[in-house]
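Notes for the structure review
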Amino acid sequence: RSSGLQAVRESARKEMMHSIAKQISMYLVSFWSTSLLVYVGTGYEFATNKHLWNLTILGNVVFSTQGLVLAVVYFILQRIGRVKHIAISPLSRNIDVTVEDIRASAARKAS
């Protein structure tokens, strides 16, 4: 296999892994941020044997909006989380492309 094609594949793989990591972290942050107040209220109740009704109500309201928050995250990621398609062969733009041109282009993209 040519080193230029391998460099293009590695670049695409890195970009895709970065996009997937960003999506996973967005979902995890949105999930735990909506659940945090419920866990804090429960932990406070176990630690002090007192019940904070305001925190319980606020935690349940925020927790019940979890579906809405996850839907918003989903639609935001639809716009910003797409992986760019990389053209392996630029022949559609320039007919006189040589192997050296492709390798030079891959080296520029890799660095």
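Below you will find a few notes about this structure.

A full pass over the atoms with the stated rule returns 1 salt bridge. Between Glu10 and Arg13 there is a salt bridge, with its nearest N and O atoms 2.4 Å apart. Here Arg13 and Glu10 lie together in helix α1 (residues 3-48), a separation of 3 residues that amounts to about one turn.

On to the packing of aromatic side chains. The geometry of an aromatic ring pair is captured by two quantities: the separation of the ring centres and the angle between the planes. In the structure shown here, the tally under the stated rule is 3 aromatic pairs. Pairing Trp32 with Tyr39 gives two aromatic rings, centres 6.0 Å apart and planes at 45 degrees, and the pair type is tilted.

Interhelical geometry of α1 versus helix α4 (residues 99-110) gives an angle of 30 degrees and a closest axis separation of 8 Å. Overall, the two elements α1 and α4 adopt an arrangement that is roughly parallel. For α1 against α4, the interelement crossing comes out left-handed. From α1, Ser3, Gly4, Ala7 and Val8 reach across to α4, where they touch Arg103, Ala106 and Ala110. Here the residues of the contact of α1 with α4 sort into 4 nonpolar, 2 polar and 1 charged.

Quick notes on the rules
- Residues numbered from 1 in each chain as written.
- Predicted model: local features only at pLDDT ≥ 70, side-chain atom pairs only at ≥ 80, totals over all residues.
- Heavy atoms only, no water.
- Salt bridge = Lys/Arg side-chain N within 4 Å of Asp/Glu carboxyl O.
- Helix = DSSP H or I, 4+ residues; strand = E, 2+ residues; numbered from the N terminus.
- Phe/Tyr/Trp six-rings, centres within 6.5 Å; stacked < 30°, edge-to-face > 60°.
- Axes fitted to C-alpha atoms, helices over the stretch in contact; angles between N-to-C directions.
- Parallel < 35°, antiparallel > 145°, perpendicular 65-115°, else oblique.
- Left-handed = near helix turned anticlockwise from the far one by under 90°.
- Contact = heavy atoms within 4.5 Å.
- Nonpolar A, V, L, I, M, F, W, Y, C, P; charged D, E, K, R; others polar.

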